[in-house]
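Observations on the three-dimensional arrangement
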Amino acid sequence: MIYHAPVLLHACLDFIDPKPGDLIIDATIGGGGHTEEILKKGAKVLGIDRDPDAIEHIKRELEIAENLRLAKGNFSDLGQIARENGFDKVDGIIFDLGVSSHQLDEPSRGFSFRRDGPLDMRMDPSLTLRAKDIINNFPERKLDEIFKTYGQEKFSRAIAHAACISRQIKPVETTGELAEIIREVYVKRHVREKIDPATRTFQALRIVVNSELLNLEESLPQTEELLKIGGRLVIISFHSLEDGIVKRFFKQSRSFMVLTKKPIGPQDEEMRANPRSRSAKLRAAEKV
Ligand SMILES: C[S@@+](CC[C@H](N)C(=O)[O-])C[C@H]1O[C@@H](n2cnc3c(N)ncnc32)[C@H](O)[C@@H]1O
């Protein structure tokens, strides 16, 4: 199975425009799809990922030439990681946010509501809080708030209540068990949706387990120092909470000229070939 199909690859390369000898940071290397193309253009890449599995995958699959450096770490420490690796003045930085297809599809990682697995959702296995710790221990009102805020889930309260009833009988241990609790809430209300009813609640839990929004907010200001004048920042986001943070940052920062008046999305062809690209939005800016 393919580890991850890179999203909006051409648009990303157009903005980054890598040239031989350029220094580029891929802050979310994942399966290495974007990095591989940048390396082909002769640029040097620092690839970062907080998931050790992604780093191991790259070591196995990509030819580790001297042009690629790898760092396991959180992009919230972007400045420090870049400096430690000699990438302190760079020509481009890419963030391709969220989870990789591998993380989603591998049941043991606990992100998938389609395949049963332990209710985990940690991108970095050294984190201590798992999704099941949240579901089984957080107060009902806190669960409601999480599902509403980070999943924009309209039945957040009912789902929180159903989870708390269920955990009194037995702890919720697997993704399949939680998905069934959520689907039941929708069935009882005779609501049918195009997407699986578990989608939004799972997104909310993933965001909290991995502090995704906080990490993004902490990392963006660090790009201002790292980029050379004329250097480019490209960010691909997958939901409105992430995109809102990026949009606000670009608006507030005095260091950037925005290159995308409106975010760029995938063409029909890409959406057909890779349905996960559907919600992707790319924003790019140039350091001035
Ligand atoms: C959508 S995938 C990237 C895919 C990659 N561009 C490709 O073409 O294969 C997102 C990756 O970012 C990583 N990631 C998410 N948040 C991170 C963070 N705060 N710091 C470092 N890596 C992170 C995830 O572990 C995942 O591997």
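To start, this report covers the structure provided alongside it. Positions within a chain are numbered from 1, following the residues in the order the chain's sequence is written. Restriction of local features to residues with pLDDT of at least 70 applies here, the model being predicted, together with a cutoff of 80 or more for giving and counting side-chain atom pairs; totals for whole chains, interfaces and linings are based on all residues. Hydrogens and water molecules were not included; the side-chain quantities draw on all heavy atoms of the structure.

A few words on the site of the ligand. The nearness test applies per residue and asks whether one of its heavy atoms lies within 4 Å of the molecule or strand. By nearness alone, 24 residues border the ligand, and Gly 31, His 34, Asp 49, Phe 75 and Asp 96 come closest of all. A distance of 2.9 Å separates a nitrogen atom of the ligand from a polar backbone atom of Phe 75. Note on areas: Shrake-Rupley, 1.4 Å probe, and residue coverage restricted to the protein chains presented here. Computed on the free molecule, the ligand has an accessible area of 610 Å², of which 99% lies beneath the protein chains in the complex. Cavities and pockets were defined on a 1 Å grid built over protein atoms only: a cavity is a set of grid points that admits a 1.4 Å probe from which the probe cannot escape, a pocket is an open set flanked by protein on both sides within 12 Å along at least five of seven lines, and lining residues are those with an atom within 4 Å of any such point. Whether a molecule lies in a cavity or pocket depends on its atoms, and more than half of them have to be within 2 Å of the grid points. Judged by the fraction of its atoms near the pocket grid, the ligand is located in the largest cavity. Side-chain atoms alone can form a polar contact between residues adjacent in sequence; in general such a contact is a pair of N or O atoms within 3.5 Å, and within protein one must be able to donate a hydrogen while the other accepts it.

With that settled, consider the sheet that holds strand 1 (residues 23–26). Any two strands with at least two DSSP-identified bridges between them are counted as paired. A run of H or I in DSSP counts as a helix once it spans at least four residues, and a run of E counts as a strand once it spans at least two, with each numbered from the N terminus. Spatially, the seven strands line up as an open sheet ordered 3-2-1-4-5-7-6, and their pairing is mixed. Each of the sheet's edge strands pairs with one partner strand only, and the pair in question is strand 3 (68–72) and strand 6 (256–258). Direction aside, the axes of adjacent strands within the sheet are offset by 20° on average. With three bridges joining them, strand 1 and strand 4 (residues 90–96) adopt parallel strand pairing. Note that in strand 4 the partner of Asp 26 across the bridge is Ile 94. Interaxial angle, 0 to 180 degrees, is taken between N-to-C directions of lines fitted to C-alpha atoms, where a helix line uses only the stretch in contact.

Next up on the list: the environment of Ala 204. With respect to the helices and strands, the residue Ala 204 is situated in helix 10 (residues 198–209). According to the relative accessible area criterion, Ala 204 is buried, its value standing at 0%. Along the sequence, Ala 204 and Thr 149 sit 55 residues apart, while their C-alpha atoms lie 7.6 Å from each other. A contact between two residues is defined here by any heavy atoms of the two lying within 4.5 Å. Excluding residues within four positions of it along the chain, Ala 204 makes contact with Ile 146, Phe 147, Tyr 150 and Gly 151. Only protein chains enter the accessibility calculation, which uses a 1.4 Å probe; a residue whose area is less than 20% of its type maximum is buried, one above 50% is exposed, and one in between is partly exposed.

Attention shifts here to helix 2 (residues 33–40). Those residues of helix 2 lying buried are Gly 33, His 34, Thr 35 and Ile 38. Against helix 1 (9–16), strand 1, strand 2 (44–49), strand 3, strand 4 and strand 5 (227–237) lie the buried residues of helix 2. Gly 42 sits one or two residues past helix 2 and shows a positive phi near 90°.

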